[in-house]
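One-letter residues, chain by chain:
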Amino acid sequence: MAITYELIKTCKQTGARLGKVHTPHGSFETPMFMPVGTLATVKTMSPEELEQMGAQIILSNTYHLWLRPGEDIIQEAGGLHNFMNWNGSILTDSGGFQVFSLSDLRKIEEEGVHFRNHISGEKLFLSPEKAMHIQNALGPDIMMAFDECPPYPAEHKYMKDSVERTSRWAERCLEAHQRPHDQGLFGIIQGGEYEDLRRQSAQDLTSMDFPGYAIGGLSVGEPKDVMNRVLEFTTPLMPDQKPRYLMGVGSPDSLIDGSIRGVDMFDCVLPTRIARNGTLMTSEGRLVVRNAKFARDFRPIDENCDCHTCRNYSRAYIRHLVKANETFGFRLTTYHNLYFLLNLMRQVREAIREDRLGDFRDEFFEQYGFNKP
Ligand SMILES: Nc1nc2cc3nc(NCCc4ccc(CCO)cc4)[nH]c3cc2c(=O)[nH]1
Ligand SMILES: [Zn+2]
């Protein structure tokens, strides 16, 4: 079964759209946030808890699983779903970004990328063909093409060469894909902050007819207004009958602003990463639970949240656990942060249904403490 997208409606107040993505492991409504499970686990969460909180698709990483435990072991287990006992959808990133962000990079060539294993230091090589071989062994519902995610900022000349190589690499990914190319392989549009290069990348990739497209090269340190501007001129270049996935984006304001600009899918390590240092997302802004002012505060993390953590545990208790470095404390903070973003996307979809996402943005930004546009 291929990956298909159903456009349900467009918000009359903004460019946001309500849709549904169909995959071999179920369908999910969009806009949707994907919890990140880099090493075949969304850190500290069980698959049952992920299902309970409403997660329907999670992300894992080709680069990490290739190094540890090795895609051959996961293939022998019958693929990622069996290996980690997750029956929802899975998307794997191709390794492009991870190599550039994790390893002391050796060399990018036409053939692929030479670098060192960020754990052992051994010399490694990743190419479009290798990345596709690994992903086909992992067996996710959606795979990403092998691309270069250039640093920010980057010269126009460098970015142009990079975009043209990424388009050639995309072609090679399609060639190497062991399943019909309309099954589960998304192309990634690059081009940095340059409108002409985003247009060139979009034209190259949409001519290759992928079932879905990602916007790469963002959330790499650029200011929020640069990201929003790039989205404004990039999403209109993407097919409106296919999913649009903005990679690496996960703060509440960016999820809302990305949805308004026509993005359907998001992923980010932010909620799980900050949960493990005791920082919580709440409707009134961020809350650092280690703070002494919560020592005798027996209210829930967020009085407007009905998640398992907020219905059963207090700030004082979670502060105590986090300060004592108790694992249960990080399970409670992780559950709440993921639930907060999944619930935010539920509210975004509701606002699109009722043509009021612009009003929802203003109310949310006001209450959360984000500055007005
Ligand atoms: N294949 C591919 N994958 C990507 C992943 C990305 N992830 C990001 N940003 C993540 C940024 C990010 C990293 C860490 C934290 C934790 C708290 O600091 C939050 C955000 N940008 C990204 C761009 C690409 C891309 O072009 N191609
Ligand atoms: Zn909660």
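Preceding block: the structure.
Just so you know, these numbers come straight off a predicted model, no measurement behind them.

Draft legend 1. Focus on the packing of helix 7 (residues 156–176) against helix 8 (residues 195–206). Helix 8 packs onto helix 7 with a crossing angle of 10 degrees between their chain directions and a minimal axis gap of 10 Å. Taken together, helix 7 and helix 8 sit at an angle that is classed as roughly parallel. Residues His156, Met159, Lys160, Val163, Glu164, Ser167 and Ala170 of helix 7 lie in contact with helix 8, whose contacting residues are Asp196, Leu197, Gln200, Ser201, Asp204 and Leu205. Classifying every residue of the contact of helix 7 with helix 8 gives five nonpolar, four polar and four charged.

Draft legend 2. Fine view of the sheet that holds strand 14 (residues 265–267). Strands sit in the order 4-14-13-12-11-10-6-5 across an open sheet of eight strands; the sheet is parallel. Each of the sheet's edge strands pairs with one partner strand only, and the pair in question is strand 4 (32–34) and strand 5 (57–61). Each strand of the sheet is rotated relative to its neighbour by a mean of 25 degrees, with strand direction disregarded. Sheet topology note: the strand 12 (residues 212–215)/strand 13 (residues 244–246) ladder contains three bridges and is parallel. Bridge pairing in strand 13 places alanine 214 opposite tyrosine 245. Set on the sheet, helix 6 (residues 128–138) makes contact with strand 6 (89–93), strand 10 (142–144) and strand 11 (185–189); between it and strand 10 the angle comes to about 165 degrees.

Draft legend 3. View of the site of ligand 1. Taken together, 17 residues are adjacent to ligand 1, and Asp93, Asp147, Gly217, Leu218 and Ser219 come closest. In this structure, a nitrogen atom belonging to ligand 1 sits 2.8 Å away from a main-chain N or O atom of leucine 218. Within the backbone of serine 219, a nitrogen or oxygen atom sits 2.9 Å from a nitrogen atom of ligand 1. For ligand 1, the protein covers 78% of the area, taking 580 Å² as the surface of the free molecule. Taken together, the residues of the shell around ligand 1 break down into eight nonpolar, six polar and three charged.

Draft legend 4. A look at the sheet that holds strand 3 (residues 26–30). Ordered by their spatial adjacency, three strands build an open sheet running 1-2-3, and the pairing between neighbours is antiparallel. Bordering the open sheet on either side are strand 1 (4–10) and strand 3, each of which pairs with just one other strand. Along the sheet, successive strands turn relative to each other by an average axial angle of 15 degrees, direction set aside. Of the strand pairs in this sheet, strand 2 (residues 17–23) and strand 3 are connected by five bridges, and their pairing is antiparallel. By the bridge assignment, lysine 20 is partnered in strand 3 with glutamate 29. Contacting strand 1, strand 2 and strand 3, helix 14 (residues 327–353) runs over the sheet at an angle of about 125 degrees to strand 2.

Draft legend 5. Just the packing of aromatic side chains, in detail. Applying the stated criterion to the full structure yields 12 aromatic pairs. When the ring of phenylalanine 210 is compared with that of tyrosine 213, the centres are 5.8 Å apart and the planes differ by 85 degrees; the resulting orientation is edge-to-face. Each member of the pair, phenylalanine 210 as well as tyrosine 213, is classed as buried. Through a chain of ring-to-ring contacts, the aromatic side chains of Phe340, Phe360, Phe364, Phe365, Tyr368 and Phe370 assemble into a single cluster.

Draft legend 6. Broad picture of helix 6. With eight of 11 residues buried, helix 6 lies mostly within the body of the structure. Just downstream of helix 6 lies glycine 139, where phi reads positive at about 70 degrees.

Draft legend 7. Representation of helix 14 within the structure. Between its terminal C-alpha atoms helix 14 stretches 39 Å, which fits the 39 Å expected from 27 residues at 1.5 Å a residue. Along helix 14, 19 of the 27 residues are buried, which leaves the element largely enclosed by surrounding structure. Note on helix 14: the residue one or two positions beyond its end, aspartate 355, has a positive phi of about 55 degrees.

Draft legend 8. Fine view of the pattern of salt bridges. Scanning the model with the defined rule gives 25 salt bridges in all. Between aspartate 355 and lysine 9 there is a salt bridge, and its shortest N-O distance comes to 2.7 Å. With aspartate 355 in the loop between helix 14 and helix 15 (357–368) and lysine 9 in strand 1, the pair connects residues that are 346 residues apart, well separated along the chain. The salt bridge involving aspartate 257 is made with arginine 361; its shortest N-O contact spans 2.6 Å. In this pair, aspartate 257 is assigned in helix 10 (residues 252–260) and arginine 361 in helix 15, connecting sequence segments 104 residues apart. Note on accessibility: aspartate 257 and arginine 361 belong to one class, buried. What you see here is one network of salt bridges that share partners, running through Glu232, Asp257, Arg261, Arg361 and Asp362.

Draft legend 9. Fine view of the coordination of the zinc ion (ligand 2). Donor atoms from the polypeptide that bind the zinc ion (ligand 2) are Cys305 (SG), Cys307 (SG), Cys310 (SG) and His336 (ND1), placed at 2.1 to 2.3 Å. Here the zinc ion (ligand 2) binds four donor atoms, and the angle range of 101 to 117 degrees at the metal identifies the geometry as tetrahedral. Positions of the donor residues of the zinc ion (ligand 2), expressed as sequence spacing, correspond to C-x1-C-x2-C-x25-H. The residues cysteine 305 and cysteine 307 share a single accessibility class, namely buried.

Calculation notes
Residues numbered from 1 in each chain as written. Chains lettered and ligands numbered in written order. Predicted model: local features only at pLDDT ≥ 70, side-chain atom pairs only at ≥ 80, totals over all residues. Heavy atoms only, no water. Axes fitted to C-alpha atoms, helices over the stretch in contact; angles between N-to-C directions. Helix = DSSP H or I, 4+ residues; strand = E, 2+ residues; numbered from the N terminus. Parallel < 35°, antiparallel > 145°, perpendicular 65-115°, else oblique. Contact = heavy atoms within 4.5 Å. Nonpolar A, V, L, I, M, F, W, Y, C, P; charged D, E, K, R; others polar. Pairing = 2+ DSSP bridges. Near = heavy atom within 4 Å. Polar contact = N/O pair within 3.5 Å; in protein donor to acceptor, adjacent residues only side chain to side chain. Areas by Shrake-Rupley, 256 points an atom, 1.4 Å probe, with all protein chains shown as cover. Phe/Tyr/Trp six-rings, centres within 6.5 Å; stacked < 30°, edge-to-face > 60°. Buried < 20%, exposed > 50% of the residue type's maximum accessible area, 1.4 Å probe, protein only. Expected span 1.5 Å × (residues − 1). Salt bridge = Lys/Arg side-chain N within 4 Å of Asp/Glu carboxyl O. Donors = N, O, S within 2.8 Å, 3.2 Å for Na, K, Ca; no water. Tetrahedral: all angles 85-135°; square planar, octahedral: opposite > 155°, others 65-115°.

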